[in-house]
Amino acid sequence: MKEKATSFDIAYLAGVSQSTVSRALRNSPQVNKETRDKVHAIARQLNYKVDKNASNLRKQRSSTLALLLFEDPTTDESLINPFFLSMLGSITRACAQRGQDLLVSFQQLSDDWHADYEDTKKADGIILLGYGDYQDYEEKLNKLLAQETHFVCWGADVEGHPDFTIRSNNRQGGRLAGEHLLALGHQRFAFIGNASAGSPEFNQRFLGFSDALQQAGIRHNAIAQFNAISTEQAGQLAVQNLLDSGEQVDAIFCASDLIAIGVMQGIQKRGLRVPDDIAVMGFDDIPVASYTTPPLSTIQQDTSLAGEMLVENLLRLVNNKAIETNQIEPKIIVRRSCGTPPKG
């Protein structure tokens, strides 16, 4: 039986050193394109396969990242927020493009995340998506920092270490929502979503919304605010409470699309129309937002770019490099749930 080809065989045929072959097969920029192409061509000719176990052993790396999702209340059994489902695909793709395997699991809120993953060499670093109440969750993040675990998370700032957090510019997103509703001629506003320290992303969206309205002369305390977690059921309940309270509103900005979908359902159950009686705006631009009745205007968070940034920044930390960019600018997506601009 013919012996399996080695990197030394490729080096001999290519007329380069074995270390150059190794770098070329990793597509290292330290090797010029002509040499890389030559090495890859010979490797294909010899049917050479990289021994990942040996390579990882030399580097003391697993070439694996762990993605840990927080369990969210959902209408199905997935327990995964639809916003994170759309991000999952881009994270998987970004790992594949960088030669990384991906472990996906739910977060275990135990005291030994680091032992479960990085310290046992299952993964070189951790991506965290979702967190429930941030004040409870922050203690876990601080423990990861103290253990010098390589990790990045999506959402709110990590106290004292904002570079570990990849996030949308939530305050600017809220400002865009407020400016859009004002431009459509709406005058009496409500915000539905938890605007507290326990939900810092929602709070930033509310503050940005308030910024836009205050600039138009609408006082902060003139905005009706009702709490809701990010589910359709919570949105329905919150808007029922809003309508029962007697507050007169013609536009509602919701902290997430899931809340907004529930809010529209609750408004319609009362025999009111969206946007004729009450305009509704969401935040996230999850896939279903364009299929609601009416289609939902929202603030888009670019999940494809977010997944890329999470993987790229985690690998930078693993390789002891500084993170260069950690914020994504939001974009307004105009559909029919807020109405059309006044003529003239």
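Residues numbered from 1 in each chain as written. Predicted model: local features only at pLDDT ≥ 70, side-chain atom pairs only at ≥ 80, totals over all residues. Heavy atoms only, no water.

Undergrad: Can you walk me through the sheet that holds strand β9 (residues 279–281) in this structure?
TA: Sheet strands pair by backbone hydrogen bonding; their relative direction is either parallel or antiparallel. In spatial order, the strands read β7-β6-β8-β9; together these four strands make up an open sheet with parallel pairing. Either end of the sheet is taken by a strand with one partner, and the two such strands are β7 (224–226) and β9. Direction aside, neighbouring strands of the sheet carry axes that sit 20 degrees apart on average. Relative to β7, strand β6 (residues 189–192) runs parallel, the two sharing three bridges. Residue pairing for β7: Phe 191 is matched across the bridge by Gln 225. Relative to the sheet, helix α9 (residues 200–215) contacts β6, β7 and β8 (251–254), its axis offset from that of β6 by approximately 170 degrees. (Pairing = 2+ DSSP bridges. Helix = DSSP H or I, 4+ residues; strand = E, 2+ residues; numbered from the N terminus. Axes fitted to C-alpha atoms, helices over the stretch in contact; angles between N-to-C directions. Contact = heavy atoms within 4.5 Å.)

Undergrad: When you look at the sheet that holds strand β1 (residues 64–69) in this model, what are you seeing that I'm missing?
TA: Pairing in this open sheet of six strands is parallel, and the strands run β2-β1-β3-β4-β5-β11 from one edge to the other. Both edges of this open sheet fall to β2 (101–106) and β11 (327–328), since each of them pairs with a single strand only. Here strand β4 (residues 151–154) runs beside strand β5 (residues 165–168); their pairing, made up of two bridges, is parallel. Directly across from Cys 153, in β5, lies its bridge partner Thr 165. Of the strands in this sheet, β1, β3 (125–129), β4, β5 and β11 touch helix α12 (residues 303–318), which is tilted by about 160 degrees from β4.

Undergrad: How should I be thinking about the environment of Thr 149 in this particular structure?
TA: Considering the arrangement of structural elements, one finds Thr 149 in the loop between α7 (134–146) and β4. By relative accessible area, Thr 149 is classed as buried at 6%. Here the alpha-carbon distance between Thr 149 and Ile 126, two residues 23 residues apart in the chain, equals 8.1 Å. (Buried < 20%, exposed > 50% of the residue type's maximum accessible area, 1.4 Å probe, protein only.)

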